[in-house]
Protein chains: 2
Amino acid sequence: MAYAEVFSALADPTRRHILEALRHEPKTVGELAEGQPVSRPAVSQHLKVLEAARLVSVEPRGNRRLYLVRWDGLEDLRQYVEHFWSDVLSAYGAEIARRAEKT
Amino acid sequence: MAYAEVFSALADPTRRHILEALRHEPKTVGELAEGQPVSRPAVSQHLKVLEAARLVSVEPRGNRRLYLVRWDGLEDLRQYVEHFWSDVLSAYGAEIARRAEKT
DNA sequence: CATCTTTGTAAGCCATCGCTTACGGTAAGG
DNA sequence: CCTTACCGTAAGCGATGGCTTACAAAGATG
C-alpha cells in the first residue's frame, strides 16, 4: 500500500477541501474550482494527485469530468489508522497491567 | 484542529517508521535512529515534527529523552477519518436508495 | 574537575511542491 | 463550420522539505 501518496495527498489544505466538497455528491472540475481560492488548473493538478492516491475517481460526462470519492481508497486509510490505533491501545493496556502486577 | 500538521507528518516514510517503532514501547532518540537509514539529527528533526503534530510526546530521563506515542493526537486523526468515512458511506447509501426509488 | 554520552539546533544544499499563465484538445451549440 | 465552454498539460518560479555536517548544551562517569 502506498500510504505516502495518501497522507501527502491529504496534507494539503486545498486538497482536503476538494475531497470534503465531494463527500456528499460528485462534482465537475468547474464546480470544485468555484469553491476554492486557487485557479482552475491548480484544482486539476490537485485532482490528479488525489486520483493517484486512489482517493477519487473520474467519470467523463460528455464535455465535463465528474469526480467522486473512491470508496476503497478511503477504506484502506481507515484500516491503517484503526490498526495502528488498536496496537497503541493494547500496548497501553499491557503497560497498565504490568504496573498493577508489580505492586 | 490542525490536520495539515498531522497528515504531512504522516506523509514522510521515515516519520511513519519512527512512529510505528514507538507503537509498542517508548524509545530514546538513539534507539530510534539505529533502525533508520538516516542520521541521528535527521531523526531529531522528524521527532520535532511528530511532536508538533501531537503524535508523540517526550519524557526526559536524565541524559536521554524518551519518546512515546500520544494517545489523544491519534484519537483525533481516527475520528477525522471515521467521520469522513461515515459521511461518504451514508451519501453512498442515499444514492442507492434514490436509484431504487426511481424504478 | 575533566571527559564522554546523548541530544537539540543552525546552516546550507538539492529536490520537490504548489501556484500561475499559456496553450491544446475535445464536446456542445448556433 | 465556427465559436464557445470545459478541461488537462507544459513551463517556469518562489517556497518548502528533508538531508548532511558542524556545533552547543546538559547530564553521567571517572
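Summarised in this report is the structure supplied together with it. Computed from a prediction, not measured in an experiment: that's the story for all the values here. (Residues numbered from 1 in each chain as written. Chains lettered and ligands numbered in written order. Predicted model: local features only at pLDDT ≥ 70, side-chain atom pairs only at ≥ 80, totals over all residues. Heavy atoms only, no water.)

**Re the packing of helix H2 (residues 13–21) of chain A against helix H4 (residues 40–52) of chain A**
All names here are of chain A.
Move 1: Running from N to C, H2 and H4 cross one another at 80°; their axes reach a closest spacing of 10 Å. If you check the angle between H2 and H4, you find them roughly perpendicular. Judged by residue contacts, Thr14, Arg15, Ile18 and Leu19 of H2 engage Val43, His46, Leu47, Val49 and Leu50 from H4. (Axes fitted to C-alpha atoms, helices over the stretch in contact; angles between N-to-C directions. Helix = DSSP H or I, 4+ residues; strand = E, 2+ residues; numbered from the N terminus. Parallel < 35°, antiparallel > 145°, perpendicular 65-115°, else oblique. Contact = heavy atoms within 4.5 Å.)

**Thoughts on the sheet that holds strand S2 (residues 56–61) of chain A**
All names here are of chain A.
Move 1: Read across the open sheet, the three strands follow the order S1-S3-S2; overall the sheet is antiparallel. Edge strands, defined here as strands with exactly one partner in the open sheet, are strand S1 (27–28) and S2.
Move 2: Bridge count between S1 and strand S3 (residues 64–69): two bridges; the pairing is antiparallel. When the sheet's bridge partners are listed, threonine 28 is paired in S3 with leucine 66. (Pairing = 2+ DSSP bridges.)

**Examining the relation of the copies chain A and chain B**
Move 1: After a rotation of 180° and a shift along the axis of 0.0 Å, chain A superposes on chain B with an RMSD of 0.1 Å. Both copies of the chain, as the preceding transformation shows, are related through a two-fold rotation axis.
Move 2: A shared binding surface is used by both copies, with 100% of the interface residues of chain A retained as interface residues in chain B. (Least-squares fit on C-alpha atoms with pLDDT ≥ 70 in both.)

**Focus on the nonpolar core**
Move 1: Grouped together as the largest cluster of nonpolar side chains are 54 residues, with contacts concentrated most on Leu55(A) and Leu55(B).
Move 2: The residues touching Leu55(B), leaving out its near neighbours within four places in the chain, are Val6(B), Ala9(B), Leu10(B), Leu19(B), Leu50(B), Leu68(B), Val69(B), Arg70(B), Gly73(B) and Leu74(B). (Core = buried A, V, L, I, M, F, W, Y, C linked by side-chain atoms within 4.5 Å. Buried < 20%, exposed > 50% of the residue type's maximum accessible area, 1.4 Å probe, protein only.)

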